[in-house]
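Observations on the model geometry
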Amino acid sequence: METSPLEIVRLWKRPDRYYLRLLRRSEGEVTGVLPKVRKIVSHVREKGDLALLDYTKKFDGIDLTRDQLCVSKSELEGAYGELESESIKALEKAAETIKRYHRRQLPEEWMEEFESGVYAGEIVRPLDSVGIYAPGGIARYPSSVLMSVIPARVAGVRRIVVCTPPDSEGRIDDTVMAAAVIAEADEVYRVGGAQAIAAMAYGTRTIPKMDKIVGPGGIYVQAAKKVVSSNTNIDFVAGPSEVLVLADSFANPRLIALDLVAQAEHDPSSAAVLATSSKKLAEKVQKEVASLIDETPRRRIVLESIQKYGRIVVARSLKRATEFANDYAPEHLELMVKRPKKVLDQIKNAGAVFIGPYSPIAAGDFAVGPSHVLPTGGASRWSSGLSVMSFLRTPSVQKATKDGLKRLSEVVEKLAELEGLPAHARSVRERLD
């Protein structure tokens, strides 16, 4: 490729129109499909399985019966048994690493005496049921099954359901089914898209209503999660994927280019951005990306992604580039800088941070341990990635002795008086008479 599709732009002011355009890409695309998605969700809510079968025929091109919506245990176990041993070993090794990481996150219950006779603390309780969406279509993602199901299983969720779209023959990818077996999902359903989200949100005759729905997916899936979020809890908008590499003049341009292209191959709507204080580095990365695009088997997807949402942003200083990174609040943030600890201390917003030349996102996607289901589109300002805490509740527990309540009574009665709630005051006073 003679000229690179990766545009270099100068960052002059804050906020800058280039980052705003990138940041709002998923928001605009999701908004655009909301009318269609609302119709799908409404139809599934009213017609249940019949709507699911209609949409499976319309969108996936296959005729299923109600009995075929649920993937049988024999089919799941058969897929696990048929998969080559090296693939099984890789999936099981990744699963064990993910388990170890998320077990480390488990919080402890606690109770403390804050003053004599007055106790308060927290208990830890898992959600009762969780629906996991596993994307299909352009690529298969067994890793997403592991990264979503395992944290829920470690948290102690009683019932975990996976929905994933079938192929043109009505089959689920063997690696996805094997991952579901390894991660110990309770049920797998061959249904995808917005209709799958609606089914898990409202329940059908076949698919149970879930307390929470999590997982990455395309624009229709994310729009559906927004539509049903008033009825069931969701994690966050997870997709399309994005990376921002923050680099100085000491960074390796080839490694940066490799990671930008790797991120772009996910989806035509993925975003791959470099923010740097070095114009020379920017120009080298631009050339490297052009050569890598010509070599990648997923050239069409990568090229479209880079042309639409790829940028190299050149700032006047590394500090300004870091400010840009916080404004952008990326899903994945790579630090390719000489002093990463100093820069990390300045990072406020990111779904996941990868430090140094030997920490590519690909390692985190598959093998390091933290879930790769992460907030996108700037949502890392207020959200964290999927974790054990995503599937837990921590109800407070309170206890007071009679003497303890006496110590609180003056405050309680005064505040009750200030708020015009005399029964509150009485409920304390009569206990102490």
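Residues numbered from 1 in each chain as written. Predicted model: local features only at pLDDT ≥ 70, side-chain atom pairs only at ≥ 80, totals over all residues. Heavy atoms only, no water.

Where nonpolar side chains cluster on the molecular surface, the patch consists of Val411, Leu415 and Leu418 and spans about 310 Å² of accessible area. Among the secondary structure elements, valine 411 is positioned in helix H16 (residues 402-418). (Patch = residues over 30% accessible without salt bridge, like charges linked within 9 Å, V, L, I, M, F, W, Y side chains within 5 Å. Areas by Shrake-Rupley, 256 points an atom, 1.4 Å probe, with all protein chains shown as cover. Salt bridge = Lys/Arg side-chain N within 4 Å of Asp/Glu carboxyl O. Helix = DSSP H or I, 4+ residues; strand = E, 2+ residues; numbered from the N terminus.)

This part covers the packing of aromatic side chains. Under the criterion given, the structure shown has three aromatic pairs. Here the aromatic rings of tyrosine 55 and phenylalanine 59 are separated by 5.5 Å at their centres, their planes lie at 5°, and the arrangement is stacked. One end of the pair, tyrosine 55, and the other, phenylalanine 59, are both in helix H3 (residues 49-60), four residues apart, so they sit about a helical turn from each other. Note on tyrosine 55: relative accessible area 10%, which makes it buried. The interplanar angle of 10° and the centroid separation of 6.1 Å between the aromatic rings of phenylalanine 324 and tyrosine 328 together place this pair among those described as stacked. (Phe/Tyr/Trp six-rings, centres within 6.5 Å; stacked < 30°, edge-to-face > 60°. Buried < 20%, exposed > 50% of the residue type's maximum accessible area, 1.4 Å probe, protein only.)

We now examine the sheet that holds strand E2 (residues 110-115). In spatial order, the strands read E2-E3-E16; together these three strands make up an open sheet with antiparallel pairing. Of all strands in the sheet, those bounded by a partner on one side alone are E2 and strand E16 (396-400). Strand-to-strand twist across the sheet, computed as the mean angle between neighbouring axes with direction ignored, equals 20°. Where E2 and strand E3 (residues 118-122) come together, five bridges link them in antiparallel fashion. Note that in E3 the partner of tryptophan 110 across the bridge is glutamate 122. (Pairing = 2+ DSSP bridges. Axes fitted to C-alpha atoms, helices over the stretch in contact; angles between N-to-C directions.)

Okay, the nonpolar core next. Core analysis: the biggest nonpolar cluster contains 43 residues, and Leu146, Val149 and Phe391 have the highest contact counts within it. At the level of elements, helix H4 (73-82), helix H5 (85-103), strand E5 (129-133), helix H6 (142-155), strand E6 (159-164) and helix H7 (174-183) are the ones that each hand at least two residues to this core. Considering every element that reaches this core, the biggest residue donor is H6, with eight residues. Contact partners of leucine 146, with chain neighbours within four places excluded, come to Leu91, Ala94, Ala95, Ile98, Pro151, Ala179, Ile182 and Ala183. Listed in part, the 35 residues of the second largest apolar core include Ile40, Leu53, Met200 and Val228. (Core = buried A, V, L, I, M, F, W, Y, C linked by side-chain atoms within 4.5 Å. Contact = heavy atoms within 4.5 Å.)

Regarding helix H17 (residues 422-432), the residues found buried are Ala425, Val428 and Leu432. An end-on view of H17 places all buried positions within 70° of arc, on one side of the element. Away from its buried face by more than 90 degrees, H17 exposes Pro422, Ala423, Arg426 and Arg431. Of the surrounding secondary structure, the elements contacted by the buried residues of H17 are H16. (Arc of directions from axis to C-beta.)

Bringing the packing of H6 against H7 into the picture now. Between H6 and H7, whose axes approach to 9 Å, the crossing angle comes to 15°. Overall, the two elements H6 and H7 adopt an arrangement that is roughly parallel. Considering only the axes of H6 and H7, their crossing is right-handed. Seen from H6, the contacting residues are Pro142, Val145, Leu146, Val149, Ile150 and Arg153; seen from H7, they are Thr175, Val176, Ala179, Ala180, Ile182 and Ala183. (Parallel < 35°, antiparallel > 145°, perpendicular 65-115°, else oblique. Left-handed = near helix turned anticlockwise from the far one by under 90°.)

Feature annotation in UniProt places "binding site: substrate" (unreviewed entry) on Ser241, Gln263, His266, His332, Asp365, Glu419 and His424, given in this structure's numbering. Spatial dispersion of the annotated residues is evident: they stretch over 184 residues in sequence, and the largest pairwise C-alpha distance comes to 57.2 Å. On the secondary structure map, glutamine 263 appears in helix H10 (residues 253-264). Note on glutamine 263: relative accessible area 2%, which makes it buried. Apart from the residues within four sequence positions on either side, glutamine 263 is in contact with Ser241, Glu242, Val243, Ser270, Ala271, Glu331, His332 and Ile361. Only 2.3 Å separates the side chain of glutamine 263 from the side chain of serine 241, close enough to count as a polar contact. Among the secondary structure elements, aspartate 365 is positioned in helix H15 (residues 361-366). Residue class for aspartate 365 comes out buried when judged on its relative accessible area of 10%. Residues contacting aspartate 365, with those up to four places away along its chain left out, are Ser143, Met147, His266, His332 and His372. (UniProt positions renumbered as here; feature names shortened; annotations may be inferred. Polar contact = N/O pair within 3.5 Å; in protein donor to acceptor, adjacent residues only side chain to side chain.)

In this structure the tally under the stated criterion is 22 salt bridges. The closest approach of N and O atoms between glutamate 96 and arginine 103, which form a salt bridge, is 3.9 Å. The exposure class assigned to glutamate 96 is partly exposed, which follows from its relative accessible area of 34%. Of the residues examined, arginine 103 reaches a relative accessible area of 46% and is grouped as partly exposed. When salt bridges with common partners are traced through the structure, they connect Arg300, Glu304 and Lys308 into a single cluster.

The figure often quoted for interface size is the accessible area lost as the parts come together. As far as domains go, the protein chain holds domain 1 (7-26 + 241-369), domain 2 (29-234) and domain 3 (401-430). Put simply, the middle of domain 1 and the middle of domain 2, counted by C-alpha atoms, are 30 Å apart. In this complex, domain 1 contributes 16 residues to the contact, which on the side of domain 2 involves twelve residues. Interface of domain 1 and domain 2: buried area, both sides summed, is about 980 Å²; carbon and sulfur atoms make up 49% of it. The interface formed by domain 1 and domain 2 includes zero residue pairs in polar contact (both at pLDDT 80 or more). (Domains from an automatic or database assignment. Buried area = accessible area lost by both parts, 1.4 Å probe.)

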